[in-house]
Amino acid sequence: MKKPNLTLQQKLAKRTYKKPNSLYNWFYHLIMADIELSKHNAEIIYKDDIKKEKGPCFIIWNHLSRLDHAYVSKATYPRKFSMVAAYNEFFRSHLATVFKMMHILPKKNFCVDMMGMKAILSIINQGGWVSMAPEGLATVSSYNERILPGIGSLLKHCKVPVYCFKFQGQSLAAPVFSPYYRNGGKTLVTVYKLFTEEQIKLLSASELEEKIQDAFSNDDSEWQKQNRFKWNTLGKGCENMHEVCYKCPDCGKEFTMIGKGDEIKCSECGFTIRMNEYLEYEPNRKPAIYMPEHLSDWVLWQRKFIIKEIRENPNYSFTKHLKIGNIPTDHLVKSREISSEVVGEGDFTIDHSGIHFVGTRNGNPYSFDLSYKNYYRLIENINTRNFCLYIDDEYFDFIPEAPVAVKMDLIVQEMHRLHFNIWKPLKEHEYLYKDYPKLPD
């Protein structure tokens, strides 16, 4: 009897993992660490020498950019490590073969994933090193977000040493909103042992997570402001920046900003900011409402408006029409923009009762209603134009008609915090809520 053809998803689920091949590891390090990182003034500071670690361990790092994996390679070479990457990336044609060769480990973002845990544990049981970013995705704002609950329990289960790779400057070199890199400047990795086996045994899972959160605390925008490193933006410093900085500081209109070259400009009122070689903002005039100092400042200013709006309006609702995509089962995705192929469209609504979609899928009516108890945020895991979610364990891309993904993400985050607050705000941002009733515990 002929065996049925397996889907790509079934094949990935059956895959086994080993420590990377030495030759592949050398070639990967040559291209990414030796050649690419030479453009970004990368420096590694070792407070503890991880290369002397003889047994299995975890490498955890604050996720700042799509280049972060290269810094891990640079800091560990010639030792080998197994990188954890987002599940959807395994179905993209330009990555699938490399991921298989390098034994990259799949993990679904922001959800329980037994397949991912099995892959991680298999490497630890082989005495290998597992490298992962507990925040789940790279920052869109230049400051590190809250890590995902659950990492503490994983560390307690494995009881192996944990090294922290503290990143600084990577989001300046490779901002998630832009396909272009910035050269020069400064990028830094500080390597140290965060937990010994004994500390992991003594601390609770929640205590481990709080210590990780404290270790990850970083704002690249503030770091750049303090150090004033000189960058070569290649004439693309503000490219697509409007996808993150969507509100005009002068007229207050939203989705009128356009980031092109080294400028971001409001198409409504003409307010323009030029980015200089120190990534400082040079406005064409004093704005009427607010003058952001840098990217993280701009995003926090926008977040304040969302916090205020949803707390003062019990009928708050935000709806946008968008297309939806699923990962094919029989072929890889060729697009560099999304990890799926469009299968439908409809209206995506965020309100106080949850996240809702009404539209079509594969030519049939399709809808869903999701609770903020289980959904903390939207996931911009490739760029800031689109986002994704896992619904009933299935991957969905969402492709809005306008650059609204970041605002929608901020709304979901603040709705979750207002109603459940499992994924709590950073300690550094608690001041944003001081004028409102206490968030849930």
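Look up: the structure comes first, before these words.
Because the structure is a prediction, the values reported are computed rather than measured.

1. Brief notes about the packing of aromatic side chains
Move 1: Within the structure shown, the criterion is met by 23 aromatic pairs.
Move 2: Plain terms: the ring middles of Phe348 and Phe387 are 5.3 Å apart, the flat faces sit at 75 degrees to each other, and that makes the pair edge-to-face. On the criterion of sequence distance, the pair formed by Phe348 in strand S15 (residues 341-351) and Phe387 in strand S18 (residues 387-391) is long-range, its members being 39 residues apart. For the pair shown, Phe348 and Phe387 are each scored as buried.
Move 3: Between the aromatic rings of Phe357 and Tyr366, the centroid separation amounts to 6.1 Å while the plane-to-plane angle is 50 degrees, which identifies the pairing as tilted.
Move 4: What links up through ring pairs into an aromatic cluster is the set Phe348, Phe357, Tyr366, Phe368, Phe387, Phe396 and Phe398.
Move 5: Over the ring of Tyr180 we find Lys236; its NZ or CZ atom is 4.9 Å from the centre of that ring.

2. A few points about the pairing of strand S16 (residues 354-361)
Move 1: Within S16, six of the eight residues are buried, leaving the element largely enclosed by the surrounding structure.
Move 2: Inspection of the sheet shows S15 paired to S16 by eight bridges, in the antiparallel sense. The residue bridging Asp351 from the neighbouring strand is Gly354, located in S16.
Move 3: Here S15 folds back onto S16 in antiparallel fashion, the turn holding two residues.
Move 4: Examined bridge by bridge, S16 and strand S17 (residues 364-370) share seven bridges and lie antiparallel to one another. Of the residues in S17, the one forming a bridge with Thr360 is Pro365.
Move 5: What sits between S16 and S17 in their antiparallel hairpin is a turn of two residues, with Asn362 showing a positive phi close to 55 degrees.

3. Regarding the side chain of Glu135
Move 1: Of note, Glu135 is situated in the loop between strand S5 (129-132) and helix H6 (151-158).
Move 2: Despite its burial, Glu135 remains without a salt bridge, the nearest opposite charge being carried by Arg377 at 7.8 Å.
Move 3: Only 3.1 Å separates the side chain of Glu135 from the backbone nitrogen of Glu145, close enough to count as a polar contact.

4. Some words on the sheet that holds strand S12 (residues 272-275)
Move 1: Across the sheet, which stays open at both edges, the four strands sit in the order S10-S11-S12-S13 with antiparallel pairing between neighbours. A single partner strand is all that each edge strand has here, and the edge strands are strand S10 (257-260) and strand S13 (281-283). With direction set aside, neighbouring strand axes in the sheet form an average angle of 20 degrees.

5. What to know about empty space enclosed by the protein
Move 1: Counted under the stated rule, the structure contains four cavities of 30 Å³ or more.
Move 2: Here the largest cavity defines a volume of roughly 60 Å³.
Move 3: Along the walls of the largest cavity sit His63, Glu135, Leu137, Ala138, Thr139, Tyr143, Asn144, Glu145, Arg146, Arg377 and Trp423, which together make up its complete lining.
Move 4: Grouping the constituent residues of the lining of the largest cavity by class yields four nonpolar, three polar and four charged.

6. Digging into the sheet that holds S15
Move 1: The strand order S17-S16-S15-S14-S19-S18 describes an open sheet built from six strands, whose pairing is antiparallel. The sheet terminates laterally at S17 and S18, the two strands that pair on one side only. With strand direction ignored, the average angle separating the axes of adjacent strands in the sheet is 30 degrees.
Move 2: The pairing of S18 with strand S19 (residues 394-400) spans five bridges and is classified as antiparallel. Paired with Tyr390 across the two strands is Tyr395, which belongs to S19.
Move 3: In the packing of helix H12 (residues 405-419) onto the sheet, contacts are made with strand S14 (317-326), S15, S16 and S18, and the angle to S15 comes to roughly 50 degrees.

The rules we used
- For every chain, the first residue of the written sequence is number 1, and numbering continues from 1 onward in sequence order.
- In view of the model being predicted, local features appear only for residues whose pLDDT reaches at least 70, and side-chain atom pairs are presented and counted only at 80 or more, with totals across whole chains, interfaces and linings using the full set of residues.
- By convention in this description, side-chain values take in all heavy atoms of the structure and omit both hydrogens and water.
- Aromatic rings from Phe, Tyr and Trp, taking only the six-membered ring of Trp, are treated as a pair when their centres fall within 6.5 Å; an angle between ring planes under 30 degrees marks them as stacked, one over 60 as edge-to-face, and anything in between as tilted.
- Per the convention used, a helix needs a DSSP run of H or I reaching at least four residues, while a strand needs a run of E reaching at least two, with both numbered from the N terminus.
- Residue exposure (1.4 Å probe, protein chains only): buried if accessible area is under 20% of the type maximum, exposed if over 50%, otherwise partly exposed.
- Geometrically, a lysine NZ or arginine CZ counts as sitting over a ring once it is within 6 Å of the ring centre and also within 35 degrees of the ring normal.
- For two strands to be treated as a pair, DSSP must find no fewer than two bridges joining them.
- The convention is simple: Lys and Arg are positive, Asp and Glu are negative, and His and the chain ends are not counted.
- Throughout this description, the term salt bridge denotes a Lys or Arg side-chain nitrogen within 4 Å of a carboxyl oxygen of Asp or Glu.
- Counted as a polar contact is a pair of N or O atoms within 3.5 Å, where, for protein atoms, one must be capable of donating a hydrogen and the other of accepting one, and residues adjacent in sequence contribute only when both atoms are in side chains.
- Lines fitted to the C-alpha atoms define the axes, with helices restricted to the stretch that makes contact. Angles between their N-to-C directions range from 0 to 180 degrees.
- Using a 1 Å grid laid over the protein atoms alone, points where a 1.4 Å probe fits but cannot get out form a cavity; open sets with protein on both sides within 12 Å along at least 5 of 7 lines form a pocket; any residue with an atom within 4 Å of a point counts as lining.
- Grid points are joined across faces, edges and corners, and a volume is the space filled by probe spheres set on the points.
- As a working rule, the residues Ala, Val, Leu, Ile, Met, Phe, Trp, Tyr, Cys and Pro are called nonpolar, Asp, Glu, Lys and Arg charged, and the rest polar, with Gly in that last group.
- Here, two residues are considered to be in contact whenever any of their heavy atoms come within 4.5 Å of each other.

Note that every value here comes from positions in space, so none of it alone points to a role or purpose.
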